[in-house]
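Each chain, written out:
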Amino acid sequence: MALYPALARLVLDAFAPLRCAACDQVARDPICPACAERLEAQTVPPPVDLAWGRAHAGFTFDAEVREILHRGKFQGNRPALRRLSGLAARRLDLSRRQP
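Residues numbered from 1 in each chain as written. Predicted model: local features only at pLDDT ≥ 70, side-chain atom pairs only at ≥ 80, totals over all residues. Heavy atoms only, no water.

(A) Representation of the overall build of the protein chain in the model. In terms of helices and strands, the protein chain carries four helices and two strands. Shown N-terminal to C-terminal, the secondary structure of the protein chain runs as helices and strands in the order α-α-β-β-α-α. For the protein chain, the residues scored as buried account for 25% of the 99 residues in total. Within the protein chain, contacts between residues separated by at least 24 positions form 48% of all contacts whose residues are at least 6 apart in sequence. Roughly 7,200 Å² of accessible area belongs to the protein chain as shown, and the carbon and sulfur atoms make up 60% of that amount. (Helix = DSSP H or I, 4+ residues; strand = E, 2+ residues; numbered from the N terminus. Buried < 20%, exposed > 50% of the residue type's maximum accessible area, 1.4 Å probe, protein only. Contact = heavy atoms within 4.5 Å. Areas by Shrake-Rupley, 256 points an atom, 1.4 Å probe, with all protein chains shown as cover.)

The following block contains the structure:
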């Protein structure tokens, strides 16, 4: 019975392959390795002081990040949002350790 899900995945991938949420290239992951690498290479934006505290961002709101957020929010690509949030969380945790 495991043959049917595997066959269905092959047919689906042939007609509607998964695509990277940032660059729209065919990819196995919600954010392809090349885009993830580019995102991780960005410098962490400095915190912004607000009236009620400080705001920290994992990424600058550039074209790639905007595209991922829009695809997640408006096209329901939740796996891309989970991947982006995982990348951001790791970056923010590391940025707080640096002097």
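The structure having been displayed, the exposition proceeds.
(B) Region of interest: the confidence of the model for the protein chain. On average, residues of the protein chain score 85 in pLDDT, and 83% of them reach the 70 mark or higher. Taking the mean pLDDT of every element in the protein chain, the minimum, 66, falls on helix H1 (residues 3–15) and the maximum, 95, on helix H3 (residues 63–74). (pLDDT = per-residue confidence, 0-100.)

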